[in-house]
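Understanding the architecture of this molecule
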Amino acid sequence: MENYLYTCQYCGKQYKPNRRMKQKYCSNSCRTRAFVVKNKKGLSLPSKEIKKAEANKIEKMSLAGVGNAAVGTLAVNALANLFTSEANKPATKKDIDNLLNKLKQRYYPIFNIPLRQDGAKPYYDIETKNFVYIKNNLP
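We now turn to the structure provided with this report. Here the structure is a predicted model, which means the values were calculated and not measured.

So, the overall build of the protein chain
A tally of regular secondary structure across the protein chain gives 4 helices and 5 strands. Its helices and strands taken in sequence order, the protein chain reads β-β-α-α-α-α-β-β-β from the N to the C terminus. In the protein chain, of all internal contacts separated by at least 6 residues, the share reaching a separation of at least 24 is 11%. Accessible surface, the protein chain: about 12400 Å² in total, of which carbon and sulfur atoms supply 58%.

Observations regarding a nonpolar patch on the surface
A cluster of nonpolar side chains, namely Ile96, Leu99, Leu100 and Leu103, defines an oily patch on the protein surface of about 380 Å² accessible area. Mapped onto the secondary structure, Ile96 falls in helix α4 (residues 93-103). When its relative accessible area of 45% is taken as the criterion, Ile96 is described as partly exposed.

About the cut-offs
- Residues numbered from 1 in each chain as written.
- Predicted model: local features only at pLDDT ≥ 70, side-chain atom pairs only at ≥ 80, totals over all residues.
- Heavy atoms only, no water.
- Helix = DSSP H or I, 4+ residues; strand = E, 2+ residues; numbered from the N terminus.
- Contact = heavy atoms within 4.5 Å.
- Areas by Shrake-Rupley, 256 points an atom, 1.4 Å probe, with all protein chains shown as cover.
- Patch = residues over 30% accessible without salt bridge, like charges linked within 9 Å, V, L, I, M, F, W, Y side chains within 5 Å.
- Salt bridge = Lys/Arg side-chain N within 4 Å of Asp/Glu carboxyl O.
- Buried < 20%, exposed > 50% of the residue type's maximum accessible area, 1.4 Å probe, protein only.

Spelled out as structure tokens, the structure:
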């Protein structure tokens with residue numbers, strides 16, 4: 001038995017032969033495929049060069065492909081914006097500014113303390129850190 005590897009005449013794969021100097025293909029499936037290809041006109045045996053050329057093939061970018069990608073992205077963003085509720089949308093700079101302006105108030109209403117008998121509402125004072133009753137509504 002020989003110690004070195006043979007190359008399959010159909011697929012080009014390296015193999016260790018079972019029969020000395022008689023075996024041309026690595027398996028029965030390669031042998032039968034080679035027979036079918038050889039007996040049908042117009043077909044050729046696959047080679048390593050063809051496989052390498054297909055592996056190294058570089059696709060070119062086209063204007064139509066870029067346009068299709070842009071239209072697809074716009075469509076997805078429009079649908080996501082349409083079907084996302086306002087509560088689940090990300091905060092904008094304007095939303096954060098509104099929140100910060102709201103936090104700059106001195107008095108905050110307290111909802112779990114009842115009104116005083118004269119109708120004054122309870123508020124929490126940020127500066128004194130106490131709650132106070134104010135008769136009229138604050139802006």
